[in-house]
Amino acid sequence: DAGVIQSPRHEVTEMGQEVTLRCKPISGHNSLFWYRQTMMRGLELLIYFNNNVPIDDSGMPEDRFSAKMPNASFSTLKIQPSEPRDSAVYFCASSYDRTDTQYFGPGTRLTVL
Amino acid sequence: AQSVSQHNHHVILSEAASLELGCNYSYGGTVNLFWYVQYPGQHLQLLLKYFSGDPLVKGIKGFEAEFIKSKFSFNLRKPSVQWSDTAEYFCAVNGGGADGLTFGKGTHLIIQP
């Protein structure tokens with residue numbers, strides 16, 4: 001299996017622009033998670049999907065952030081408009097269920113200028 | 001809410017030294033416990049996990065961890081570290097009503113040759 005796939009690996013954009021991060025989970029996994037990693041706050045859960053349905057989005061920082069999972073093999077995290085404080089590494093992870101081992105993708109390093 | 005504390009933010013050791021990284025969590029109910037490692041420039045990889053059974057669990061690359069329920073602890077150990085163990089180590093907990101993993105702030109381990 002190729003593992004969790006994320007794209008792009010690096011994204012540099014200007015403040016105010018829309019950013020879309022993409023994730024392909026491991027085939028057969030029913031749970032998908034988006035995390036954000038910053039120096040100040042460490043790793044934080046943004047949103048959790050189960051069977052393509054968003055279950056817990058309490059970690060999404062504000063309305064500028066949105067996430068979708070149109071099918072079992074694809075999810076997006078969108079930031080619109082982006083701000084410099086959104087600069088971070090965004091990880092996608094998947095697992096068979098909510099409590100099982102999560103496998104992480106390589107992350108997307110986002111820089112907002 | 002669940003919280004995870006890692007006591008050492010930066011650790012510097014010489015090769016062949018013994019390692020112990022502390023981890024404590026706050027939730028007193030049933031939890032699943034994990035240690036992840038992040039090598040420089042790479043994504044999070046699972047070192048080991050505890051779900052139930054023998055509280056002493058062995059992981060990859062000679063690492064082990066001991067779950068002590070009475071102390072809410074899950075400390076990571078390795079009897080003899082190598083230069084290649086230089087990385088960031090994260091303790092994580094699943095449970096306490098949280099949908100995703102709750103991570104500690106991480107420990108940056110540097111092994112000097």
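Engineer: Any chance you could explain the interface of chain A and chain B here in plain terms?
Structural biologist: One frequent convention defines the size of an interface as the accessible area lost when the parts assemble. Every contact between the two is made by 19 residues of chain A and, on the other side, 17 residues of chain B. Roughly 1500 Å² is buried in total at the junction of chain A and chain B, and carbon and sulfur atoms are behind 52% of that figure. At the boundary of chain A with chain B, the tally comes to zero salt bridges. Going through the elements one at a time, strand S4 (31–38), strand S5 (42–50) and strand S6 (53–56) of chain A are the ones with two or more residues in the side of chain A that touches chain B. By residue class, the composition of the side of chain A that touches chain B is 10 nonpolar, five polar and four charged.

Engineer: I would appreciate a short explanation of the environment of B:Pro55 in the present structure.
Structural biologist: Residue and element names in this part refer to chain B. Residue placement: Pro55 occurs in the loop between strand S6 (44–50) and strand S7 (56–58). By relative accessible area, Pro55 is classed as partly exposed at 34%. Separated by 13 residues in sequence, Pro55 and Ile68 have C-alpha atoms that sit 7.1 Å apart. Apart from the residues lying within four places of it in its own chain, the contact partners of Pro55 are Tyr50, Ala65, Glu66 and Phe67.

Engineer: How should I be thinking about the environment of B:His108 in this particular structure?
Structural biologist: Residue and element names in this part refer to chain B. Topologically, His108 is positioned in strand S12 (residues 107–112). The sequence separation of His108 and Phe34 amounts to 74 residues, and the corresponding C-alpha distance is 17 Å. If sequence neighbours within four positions are ignored, His108 has contacts with His9, His10, Val11, Ala87 and Glu88.

Engineer: So what exactly am I meant to see when it comes to the sheet that holds strand S3 (residues 19–24) of chain A here?
Structural biologist: For sheets, the rule is that strands pair by backbone hydrogen bonds, running either parallel or antiparallel. All names here are of chain A. Across the sheet, four strands lie side by side as S1-S3-S8-S7; this open sheet has antiparallel pairing. Two strands lie at the open edges of the sheet, namely strand S1 (5–7) and strand S7 (65–71), each paired on one side alone. On average, each strand axis in the sheet is tilted by 15 degrees relative to the strand beside it, whichever way the strands run. Bridge count between S3 and strand S8 (residues 74–79): five bridges; the pairing is antiparallel. The partner of Leu21 across the bridge, within S8, is Leu77.

Engineer: Where do I start with the pairing of strand S9 (residues 73–78) of chain B in this structure?
Structural biologist: Walk down a regular strand and you will see the side chains alternate between the two sheet faces. All names here are of chain B. With five of six residues buried, S9 lies mostly within the body of the structure. Pairing analysis gives three bridges linking strand S3 (residues 19–21) to S9, with the strands arranged antiparallel. Within S9, the residue paired with Leu21 across the bridge is Leu76. Pairing geometry for strand S8 (residues 64–68) and S9, over five bridges, is antiparallel. Bridged to Glu66 within S9 is Asn75. Joining the antiparallel neighbours S8 and S9 is a turn of four residues, in which Phe72 adopts a positive phi near 50 degrees.

The rules behind the values
- Residues numbered from 1 in each chain as written.
- Chains lettered and ligands numbered in written order.
- Predicted model: local features only at pLDDT ≥ 70, side-chain atom pairs only at ≥ 80, totals over all residues.
- Heavy atoms only, no water.
- Contact = heavy atoms within 4.5 Å.
- Buried area = accessible area lost by both parts, 1.4 Å probe.
- Salt bridge = Lys/Arg side-chain N within 4 Å of Asp/Glu carboxyl O.
- Helix = DSSP H or I, 4+ residues; strand = E, 2+ residues; numbered from the N terminus.
- Nonpolar A, V, L, I, M, F, W, Y, C, P; charged D, E, K, R; others polar.
- Buried < 20%, exposed > 50% of the residue type's maximum accessible area, 1.4 Å probe, protein only.
- Pairing = 2+ DSSP bridges.
- Axes fitted to C-alpha atoms, helices over the stretch in contact; angles between N-to-C directions.

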